[in-house]
Amino acid sequence: MIDKFPREVVIDFAGMSEPFLNTEAVEMLLYAHRMGHPVCLYTTLMGLTLNDLKKILTTIPFGKKKNTLVVHLPSDNGEEHFIINDEYLKMLEFLVFSGVKINDFHYHGKKLEARVAEILERSKYKPIYCPPMPRAGNIQIKGMAAPKKKRGKLACQIFDGKGFVVLPDGTTLMCCMDYGLDYVMGNLDRDTFENVLNNEVYREVKRKMKSNYEDIICRCCHFSYAINGLGKFDEMKWGKKKIILGLKLLMFNHCGILYRWLRRIGREVGILERRQKTDDEFLRL
Ligand code: SF4
(Lines give C-alpha, C1' and ligand atoms only; values in the text may rest on other atoms or scores of the structure.)
Protein backbone atom coordinates (compact mmCIF):
# COMPACT_ATOMS: atom_id res chain seq x y z
CA MET A 1 0.00 0.00 0.00
CA ILE A 2 2.85 2.40 0.89
CA ASP A 3 4.12 2.14 -2.71
CA LYS A 4 0.96 3.89 -3.92
CA PHE A 5 1.81 7.20 -2.22
CA PRO A 6 3.93 9.87 -3.91
CA ARG A 7 7.28 10.17 -2.08
CA GLU A 8 6.50 13.63 -0.67
CA VAL A 9 3.48 12.31 1.27
CA VAL A 10 4.20 12.26 5.00
CA ILE A 11 3.15 8.93 6.53
CA ASP A 12 1.97 9.10 10.14
CA PHE A 13 1.92 5.97 12.24
CA ALA A 14 -0.93 6.91 14.53
CA GLY A 15 -4.58 7.48 13.84
CA MET A 16 -7.09 5.67 15.98
CA SER A 17 -5.01 3.30 18.09
CA GLU A 18 -1.49 2.48 19.19
CA PRO A 19 0.44 1.58 15.99
CA PHE A 20 2.65 -1.08 17.65
CA LEU A 21 -0.36 -3.19 18.58
CA ASN A 22 0.02 -4.29 14.97
CA THR A 23 2.95 -6.71 15.05
CA GLU A 24 4.10 -5.58 11.59
CA ALA A 25 4.15 -1.87 12.43
CA VAL A 26 7.92 -1.72 13.02
CA GLU A 27 8.62 -3.17 9.56
CA MET A 28 6.05 -0.86 7.95
CA LEU A 29 7.55 2.19 9.63
CA LEU A 30 11.09 1.29 8.54
CA TYR A 31 9.88 0.48 5.02
CA ALA A 32 8.09 3.86 4.67
CA HIS A 33 11.31 5.58 5.74
CA ARG A 34 13.42 3.45 3.35
CA MET A 35 11.10 4.40 0.49
CA GLY A 36 11.88 8.07 1.12
CA HIS A 37 8.73 9.21 2.95
CA PRO A 38 8.97 11.55 5.90
CA VAL A 39 7.43 9.64 8.83
CA CYS A 40 5.67 10.78 12.00
CA LEU A 41 5.33 8.39 14.89
CA TYR A 42 2.75 8.89 17.67
CA THR A 43 3.14 6.14 20.22
CA THR A 44 2.52 5.05 23.81
CA LEU A 45 5.36 2.47 23.36
CA MET A 46 2.81 -0.27 24.12
CA GLY A 47 3.53 -3.36 21.99
CA LEU A 48 7.13 -2.25 21.35
CA THR A 49 10.27 -4.01 22.63
CA LEU A 50 13.53 -2.33 23.64
CA ASN A 51 15.33 -3.95 20.70
CA ASP A 52 12.75 -2.65 18.22
CA LEU A 53 12.93 0.80 19.76
CA LYS A 54 16.73 0.83 19.35
CA LYS A 55 16.36 -0.31 15.73
CA ILE A 56 13.88 2.50 14.99
CA LEU A 57 15.94 5.22 16.68
CA THR A 58 19.16 4.22 14.94
CA THR A 59 17.50 4.03 11.51
CA ILE A 60 15.18 7.05 11.36
CA PRO A 61 16.62 10.54 11.94
CA PHE A 62 13.79 12.00 14.05
CA GLY A 63 13.80 15.79 14.18
CA LYS A 64 15.25 15.93 10.66
CA LYS A 65 13.66 15.88 7.20
CA LYS A 66 10.14 16.27 8.63
CA ASN A 67 10.40 13.03 10.67
CA THR A 68 8.65 13.56 14.00
CA LEU A 69 8.23 11.57 17.17
CA VAL A 70 5.49 12.21 19.73
CA VAL A 71 5.12 10.11 22.89
CA HIS A 72 1.93 9.72 24.94
CA LEU A 73 2.55 9.14 28.64
CA PRO A 74 0.31 7.54 31.29
CA SER A 75 -1.60 9.69 33.80
CA ASP A 76 -1.74 8.80 37.47
CA ASN A 77 -5.46 8.01 37.48
CA GLY A 78 -5.14 5.07 35.08
CA GLU A 79 -7.29 6.84 32.49
CA GLU A 80 -5.28 5.36 29.61
CA HIS A 81 -4.65 1.65 29.01
CA PHE A 82 -0.94 1.39 29.83
CA ILE A 83 0.95 -1.59 31.18
CA ILE A 84 3.57 0.06 33.40
CA ASN A 85 6.07 -2.70 34.12
CA ASP A 86 9.89 -2.83 34.32
CA GLU A 87 10.19 -3.32 30.56
CA TYR A 88 8.12 -0.20 29.84
CA LEU A 89 10.05 1.93 32.34
CA LYS A 90 13.37 0.72 30.92
CA MET A 91 12.24 1.58 27.40
CA LEU A 92 11.01 5.02 28.43
CA GLU A 93 14.27 5.76 30.24
CA PHE A 94 16.26 4.66 27.19
CA LEU A 95 14.17 6.88 24.91
CA VAL A 96 14.33 9.95 27.15
CA PHE A 97 18.13 9.82 27.46
CA SER A 98 18.86 8.54 23.93
CA GLY A 99 19.73 12.00 22.63
CA VAL A 100 17.11 11.59 19.88
CA LYS A 101 14.91 14.65 19.33
CA ILE A 102 11.42 13.95 20.63
CA ASN A 103 8.89 16.53 19.52
CA ASP A 104 6.78 16.23 22.61
CA PHE A 105 5.76 14.09 25.52
CA HIS A 106 2.18 14.56 26.61
CA TYR A 107 -0.53 13.13 28.84
CA HIS A 108 -4.29 13.53 29.25
CA GLY A 109 -5.01 13.14 32.96
CA LYS A 110 -4.49 15.62 35.80
CA LYS A 111 -1.01 14.35 36.72
CA LEU A 112 1.64 12.06 35.30
CA GLU A 113 2.05 8.56 36.75
CA ALA A 114 4.60 8.89 39.58
CA ARG A 115 7.36 6.56 38.24
CA VAL A 116 7.05 8.11 34.78
CA ALA A 117 7.13 11.63 36.23
CA GLU A 118 10.36 10.76 38.09
CA ILE A 119 12.10 9.71 34.83
CA LEU A 120 10.95 12.83 32.98
CA GLU A 121 12.00 15.12 35.86
CA ARG A 122 15.60 13.95 35.43
CA SER A 123 15.52 14.86 31.72
CA LYS A 124 15.36 18.10 29.73
CA TYR A 125 11.77 17.39 28.64
CA LYS A 126 8.69 19.09 30.08
CA PRO A 127 5.65 16.88 29.37
CA ILE A 128 2.58 18.77 28.16
CA TYR A 129 -0.93 18.33 29.50
CA CYS A 130 -3.43 17.90 26.63
CA PRO A 131 -7.11 17.69 27.56
CA PRO A 132 -8.81 14.58 26.18
CA MET A 133 -10.36 15.13 22.77
CA PRO A 134 -14.02 14.27 22.07
CA ARG A 135 -13.15 13.46 18.44
CA ALA A 136 -15.73 15.80 16.92
CA GLY A 137 -18.47 14.47 19.20
CA ASN A 138 -17.75 10.79 18.48
CA ILE A 139 -16.56 10.16 22.04
CA GLN A 140 -18.25 11.18 25.26
CA ILE A 141 -15.78 12.34 27.88
CA LYS A 142 -16.77 12.30 31.53
CA GLY A 143 -17.14 15.85 32.87
CA MET A 144 -16.87 17.43 29.43
CA ALA A 145 -19.88 18.86 27.58
CA ALA A 146 -20.54 17.60 24.05
CA PRO A 147 -19.13 20.03 21.46
CA LYS A 148 -21.57 22.61 20.08
CA LYS A 149 -22.29 22.55 16.35
CA LYS A 150 -20.66 25.40 14.44
CA ARG A 151 -22.60 27.29 11.75
CA GLY A 152 -21.32 28.89 8.58
CA LYS A 153 -18.55 27.97 6.16
CA LEU A 154 -15.72 26.05 7.75
CA ALA A 155 -12.07 25.36 7.09
CA CYS A 156 -9.88 22.80 8.85
CA GLN A 157 -6.86 23.98 10.83
CA ILE A 158 -4.74 20.93 10.37
CA PHE A 159 -5.80 18.67 7.58
CA ASP A 160 -7.76 20.74 5.09
CA GLY A 161 -9.43 17.45 4.22
CA LYS A 162 -6.16 15.73 3.32
CA GLY A 163 -5.23 13.97 6.55
CA PHE A 164 -6.61 10.62 5.47
CA VAL A 165 -6.45 7.65 7.82
CA VAL A 166 -5.76 4.22 6.31
CA LEU A 167 -6.97 1.31 8.44
CA PRO A 168 -5.18 -2.09 8.30
CA ASP A 169 -7.66 -3.45 5.70
CA GLY A 170 -7.08 -0.44 3.42
CA THR A 171 -10.30 1.41 4.35
CA THR A 172 -9.45 5.08 3.92
CA LEU A 173 -11.17 7.64 6.12
CA MET A 174 -11.40 11.42 5.92
CA CYS A 175 -9.40 12.04 9.11
CA CYS A 176 -8.68 10.71 12.59
CA MET A 177 -11.88 12.28 13.99
CA ASP A 178 -14.12 9.88 12.09
CA TYR A 179 -14.42 7.22 14.78
CA GLY A 180 -17.90 6.41 13.47
CA LEU A 181 -16.39 5.41 10.06
CA ASP A 182 -18.97 7.64 8.36
CA TYR A 183 -16.66 9.23 5.77
CA VAL A 184 -14.99 6.43 3.84
CA MET A 185 -12.99 7.84 0.93
CA GLY A 186 -12.21 4.48 -0.63
CA ASN A 187 -9.88 1.59 0.01
CA LEU A 188 -6.19 2.11 -0.69
CA ASP A 189 -5.68 -1.63 -0.89
CA ARG A 190 -7.55 -1.66 -4.19
CA ASP A 191 -7.95 2.04 -5.23
CA THR A 192 -5.19 4.32 -6.45
CA PHE A 193 -4.15 7.37 -4.43
CA GLU A 194 -5.54 9.62 -7.20
CA ASN A 195 -8.91 7.82 -7.09
CA VAL A 196 -9.15 8.46 -3.37
CA LEU A 197 -8.28 12.14 -3.86
CA ASN A 198 -10.99 12.49 -6.52
CA ASN A 199 -13.50 10.50 -4.57
CA GLU A 200 -17.17 11.53 -4.45
CA VAL A 201 -17.29 11.48 -0.62
CA TYR A 202 -14.26 13.76 -0.45
CA ARG A 203 -15.91 16.27 -2.82
CA GLU A 204 -19.12 16.05 -0.80
CA VAL A 205 -17.21 16.79 2.41
CA LYS A 206 -15.59 19.87 0.86
CA ARG A 207 -18.98 21.05 -0.42
CA LYS A 208 -20.63 20.63 2.99
CA MET A 209 -17.78 22.48 4.69
CA LYS A 210 -18.49 25.41 2.37
CA SER A 211 -22.23 25.40 3.13
CA ASN A 212 -23.74 27.27 6.05
CA TYR A 213 -25.70 24.56 7.80
CA GLU A 214 -25.25 21.18 6.14
CA ASP A 215 -24.56 18.49 8.65
CA ILE A 216 -21.01 17.21 8.77
CA ILE A 217 -18.67 15.95 11.48
CA CYS A 218 -16.47 19.09 11.09
CA ARG A 219 -19.23 21.21 12.70
CA CYS A 220 -18.38 19.58 16.05
CA CYS A 221 -14.62 19.42 15.59
CA HIS A 222 -12.25 21.73 17.45
CA PHE A 223 -9.90 21.77 14.46
CA SER A 224 -12.49 23.54 12.29
CA TYR A 225 -12.94 27.31 12.23
CA ALA A 226 -15.41 29.75 10.69
CA ILE A 227 -14.56 31.54 7.48
CA ASN A 228 -17.70 33.60 6.92
CA GLY A 229 -19.97 36.02 8.74
CA LEU A 230 -22.33 33.46 10.24
CA GLY A 231 -19.59 31.43 11.93
CA LYS A 232 -17.68 34.54 12.98
CA PHE A 233 -20.87 35.90 14.57
CA ASP A 234 -21.12 32.75 16.73
CA GLU A 235 -17.46 32.96 17.73
CA MET A 236 -17.61 36.67 18.75
CA LYS A 237 -18.20 37.83 22.32
CA TRP A 238 -21.28 40.03 22.85
CA GLY A 239 -20.53 43.69 22.14
CA LYS A 240 -20.93 46.43 19.54
CA LYS A 241 -19.17 44.46 16.81
CA LYS A 242 -21.34 41.40 17.33
CA ILE A 243 -24.54 43.50 17.19
CA ILE A 244 -23.44 45.23 13.95
CA LEU A 245 -22.48 41.92 12.35
CA GLY A 246 -25.81 40.43 13.51
CA LEU A 247 -27.73 43.29 11.89
CA LYS A 248 -25.81 42.89 8.65
CA LEU A 249 -26.56 39.19 8.62
CA LEU A 250 -30.25 39.81 9.31
CA MET A 251 -30.49 42.31 6.49
CA PHE A 252 -28.56 40.12 4.14
CA ASN A 253 -30.80 37.15 4.81
CA HIS A 254 -34.20 38.76 5.28
CA CYS A 255 -34.26 42.24 3.77
CA GLY A 256 -32.42 42.18 0.46
CA ILE A 257 -33.72 45.57 -0.76
CA LEU A 258 -32.65 47.47 2.35
CA TYR A 259 -29.32 45.64 2.34
CA ARG A 260 -28.66 46.61 -1.30
CA TRP A 261 -29.75 50.20 -0.70
CA LEU A 262 -27.40 50.51 2.26
CA ARG A 263 -24.59 49.10 0.15
CA ARG A 264 -25.26 51.64 -2.56
CA ILE A 265 -25.17 54.60 -0.26
CA GLY A 266 -22.16 53.21 1.57
CA ARG A 267 -18.55 53.36 0.49
CA GLU A 268 -19.07 50.71 -2.19
CA VAL A 269 -21.37 52.87 -4.41
CA GLY A 270 -22.08 51.19 -7.70
CA ILE A 271 -24.45 48.90 -9.49
CA LEU A 272 -24.85 45.57 -7.79
CA GLU A 273 -24.62 43.24 -10.70
CA ARG A 274 -25.00 39.98 -8.94
CA ARG A 275 -28.64 39.16 -8.44
CA GLN A 276 -28.14 36.12 -6.24
CA LYS A 277 -27.76 36.44 -2.51
CA THR A 278 -24.61 34.46 -1.87
CA ASP A 279 -22.46 34.18 1.19
CA ASP A 280 -19.45 35.25 -0.85
CA GLU A 281 -21.15 38.56 -1.45
CA PHE A 282 -21.59 39.04 2.26
CA LEU A 283 -17.92 38.34 2.84
CA ARG A 284 -16.96 41.25 0.59
CA LEU A 285 -18.83 43.73 2.78
S1 SF4 B 1 -12.39 19.77 10.73
FE2 SF4 B 1 -12.07 18.00 12.05
S3 SF4 B 1 -13.48 16.48 11.29
FE4 SF4 B 1 -13.25 18.01 9.68
S5 SF4 B 1 -11.56 17.28 8.37
FE6 SF4 B 1 -10.66 18.63 9.91
S7 SF4 B 1 -10.02 17.28 11.56
FE8 SF4 B 1 -11.49 16.12 10.32
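About the criteria used
- Residues numbered from 1 in each chain as written.
- Predicted model: local features only at pLDDT ≥ 70, side-chain atom pairs only at ≥ 80, totals over all residues.
- Core = buried A, V, L, I, M, F, W, Y, C linked by C-beta atoms within 7 Å.
- Buried ≥ 20, exposed ≤ 12 C-beta atoms within 10 Å, placed from the backbone.
- Helix = DSSP H or I, 4+ residues; strand = E, 2+ residues; numbered from the N terminus.
- Contact = placed C-beta atoms within 7 Å.
- Near = placed C-beta within 6 Å.
- Nonpolar A, V, L, I, M, F, W, Y, C, P; charged D, E, K, R; others polar.
- Pairing = 2+ DSSP bridges.
- Right-handed = clockwise from strand over helix to strand, strands pointing away.

## A closer look at the nonpolar core
Stage number 1. Ranked by size, the top nonpolar core spans 21 residues in total, and within it Leu29, Val39, Ile56, Val71 and Leu73 carry the most contacts.
Stage number 2. Looking at this core, the elements that each hand over two or more residues are α1 (25–34), β2 (39–43), α2 (50–59), β3 (68–72), α3 (86–96) and β4 (104–107).
Stage number 3. Here the element with the most residues in this core is α1; it accounts for four residues.
Stage number 4. In contact with Val39, not counting residues within four places along its chain, are Ile11, Phe13, Leu29, Ala32, His33, Ile60 and Asn67.
Stage number 5. Judged by nonpolar contacts, the second largest core, of 18 residues, contains Leu154, Cys176, Tyr183 and Ile216.

## Looking at the site of the ligand
Stage number 1. For the ligand, the set of nearby residues contains twelve residues, the closest of which are Cys156, Cys175, Cys218, Cys221 and Ser224.
Stage number 2. When the residues that make up the shell around the ligand are grouped by side-chain class, the tally is ten nonpolar, two polar and no charged.

## Let's talk about the pairing of β2
Stage number 1. Only one face of β2 is covered, namely the one carrying Val39, Leu41 and Thr43; the face carrying Cys40 and Tyr42 has none of its residues buried.
Stage number 2. Two elements, strand β1 (residues 11–13) and β2, share three bridges in a ladder whose sense is parallel. Counted as the bridge partner of Asp12 is Cys40 from β2.
Stage number 3. Between the parallel elements β1 and β2, the chain passes through α1 in a crossover that is right-handed.
Stage number 4. Where β2 and β3 come together, four bridges link them in parallel fashion. Residue pairing for β3: Thr43 is matched across the bridge by Val71.
Stage number 5. In terms of handedness, the path from β2 via α2 over to β3 forms a crossover that is right-handed.

It is worth stressing that arrangement in space is one thing and function is another; only the former is reported here.
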